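Spelled out from the first residue to the last, the chains are:
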Amino acid sequence: MKDYVATIVKNEKIADNVYSVTFSTEEEVPVRAGQFGNISVGGTHLLRRPIAICKKEGKEVTFCYQLKGEGTHKLREMKAGSVLNVLMPLGNGFYVEKTEKKVALVGGGVGVFPLISVLREYGNEKEISAYIGYRNKGAVCGVEEFEKANKFVAVTDDGSYGEKMNAVQAFEKDLQAGNRPDVVLACGPTPMLRALKALVERENLTCYVSLEERMGCGIGACLVCVCDTTNGKKARVCKDGPVFNANDVSL
Ligand SMILES: Cc1cc2nc3c(=O)[nH]c(=O)nc-3n(C[C@H](O)[C@H](O)[C@H](O)COP(=O)(O)OP(=O)(O)OC[C@H]3O[C@@H](n4cnc5c(N)ncnc54)[C@H](O)[C@@H]3O)c2cc1C
Ligand code: FES
């Protein structure tokens, strides 16, 4: 992990309220799928913004971000050539065991972006099915990436793109049709992860979830990001996660 001086190469809209920013760095960043960066948006915004690393190509790293509050709006205004500090790669990331051949990706909202990094890292060696939920047609993004999976099911909350259901329902439907994965990797809003956790427990499936918590340092020092574990202890999402075995965390 290092605080990279990163120059914006492009910063463009990819869906309603969603932007993609690509940085070039002075040296290649050693990234594993599911890791994230803590981006300094400069000025009076002292706290950095944690965003998943979506793609890495040579010395270029791409993050996709939804406009939310001050920090992400400030990031949107930055043009090619602007220089920011990005602390990365952070967190443990997703790891797929050699014995796990069939992988299901279940994602919703901004949780779709770290799953793109999984597809890029494991797409050639694993059989990957992606079940991705968007709010509506305008929110759909990353299709050109997910189409590289062995199977891609896109659904929306309002049925304006794909079937009207959420990502967990899409996954469950395929599971009932006999498409059973060796491991499930997921990222998305907490209610989605909670529903998925209940499903994988019923089905006795191994599942890893990437969690989102408010963060300060991003490196395990400030304890802003702690979450509850099922053994009654606390874990730091930035350092012990953001990826956890679904059995180990309370959702
Ligand atoms: C590991 C990780 C990966 C993430 N990956 C992505 C991603 O790929 N794309 C994306 O759009 N968003 C992602 N998020 C959420 C993103 O960090 C917040 O949306 C963003 O920090 C909001 O900043 P803001 O200044 O615009 O909003 P504000 O609400 O003004 O932020 C105020 C403070 O709260 C924090 N905060 C607000 N919402 C969140 C949140 N959901 N999670 C964590 N901190 C939050 C901000 O960092 C900031 O410190 C990720 C969060 C985590 C923890
Ligand atoms: S953000 Fe500081 S310990 Fe996790």
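This is a predicted model, so every value here is computed, not measured.

Some remarks on the environment of Asn38
Okay, so step 1: Along the polypeptide, Asn38 turns up in strand E3 (residues 36-39).
Okay, so step 2: Classification of Asn38 by C-beta neighbours within 10 Å gives buried; the count is 23.
Okay, so step 3: Each C-alpha atom, one on Asn38 and one on Pro89, is 8.5 Å from the other, the two residues being 51 residues apart in sequence.
Okay, so step 4: The residues touching Asn38, leaving out its near neighbours within four places in the chain, are Arg48, Pro50, Leu87, Leu90 and Gly218.

Brief notes about the sheet that holds strand E15 (residues 243-245)
Okay, so step 1: Taken in spatial order, the seven strands make up an open sheet running E10-E9-E8-E7-E11-E12-E15, and their pairing is mixed. Each edge of the sheet is formed by a strand with only one pairing partner; in this case those strands are strand E10 (163-164) and E15.
Okay, so step 2: In terms of strand pairing, strand E7 (residues 102-108) meets strand E11 (residues 183-187) through five bridges, oriented parallel. Directly across from Val103, in E11, lies its bridge partner Val183.

Focus: the sheet that holds strand E1 (residues 2-15)
Okay, so step 1: One closed barrel holds the six strands; their spatial order is E1-E2-E5-E4-E3-E6, and the pairing between them is antiparallel. Within this sheet the neighbouring strands show an average axis-to-axis angle of 45°, counted without direction.
Okay, so step 2: For E3 and strand E6 (residues 83-90), the ladder comprises three bridges, and the chain directions are antiparallel. Note that in E6 the partner of Asn38 across the bridge is Leu87.
Okay, so step 3: Each of strand E4 (49-57) and strand E5 (60-66) is contacted by helix H2 (residues 112-122), which is oriented at about 25° to E4, the strand it contacts most.

Observations concerning the packing of helix H4 (residues 167-176) against helix H5 (residues 190-203)
Okay, so step 1: Relative to each other, H4 and H5 sit at 20°, their axes nearing to 9 Å. The angle between H4 and H5 places the two elements in the roughly parallel class. Contacts from Ala167, Val168, Glu172 and Leu175 of H4 reach H5 at Met192, Ala195, Leu196, Leu199 and Glu203.
Okay, so step 2: For the contact of H4 with H5, the per-class residue count stands at seven nonpolar, no polar and two charged.

Details of the pairing of E4
Okay, so step 1: Most of E4 sits inside the fold, with seven of its nine residues counted as buried.
Okay, so step 2: Where E3 meets E4, four bridges bridge the pair, whose relative direction is antiparallel. Note on E4: the bridge partner recorded for Gly37 is Ile51.
Okay, so step 3: In this antiparallel pair of consecutive strands, E4 and E5, the connection spans two residues, and Gly58 shows a positive phi of 60°.

A closer look at H4
Okay, so step 1: Every buried residue of H4 is listed here: Ala167, Val168, Ala170 and Phe171. Buried residues of H4, seen end-on, are gathered within an arc of 160° and therefore sit on one face of the element.
Okay, so step 2: Against E7, strand E8 (127-134), strand E9 (151-156) and H5 lie the buried residues of H4.
Okay, so step 3: Where H4 ends, the next residue or the one after it, Gly178, has phi of about 105°, a positive value.

Overview of the domain arrangement of the chain
Okay, so step 1: Once the domains are mapped, the chain shows domain 1 (2-90) and domain 2 (102-210).
Okay, so step 2: Each of domain 1 and domain 2 has a C-alpha centre, and the two are 24 Å apart.
Okay, so step 3: Contacts between the two partners involve 12 residues from domain 1 and, on the opposite side, 14 residues from domain 2.
Okay, so step 4: Among the secondary structure elements, those contributing two or more residues to the side of domain 1 that touches domain 2 are E1, E4 and E5.

Conventions we followed
Residues numbered from 1 in each chain as written. Chains lettered and ligands numbered in written order. Predicted model: local features only at pLDDT ≥ 70, side-chain atom pairs only at ≥ 80, totals over all residues. Helix = DSSP H or I, 4+ residues; strand = E, 2+ residues; numbered from the N terminus. Buried ≥ 20, exposed ≤ 12 C-beta atoms within 10 Å, placed from the backbone. Contact = placed C-beta atoms within 7 Å. Pairing = 2+ DSSP bridges. Axes fitted to C-alpha atoms, helices over the stretch in contact; angles between N-to-C directions. Parallel < 35°, antiparallel > 145°, perpendicular 65-115°, else oblique. Nonpolar A, V, L, I, M, F, W, Y, C, P; charged D, E, K, R; others polar. Arc of directions from axis to C-beta. Domains from an automatic or database assignment.

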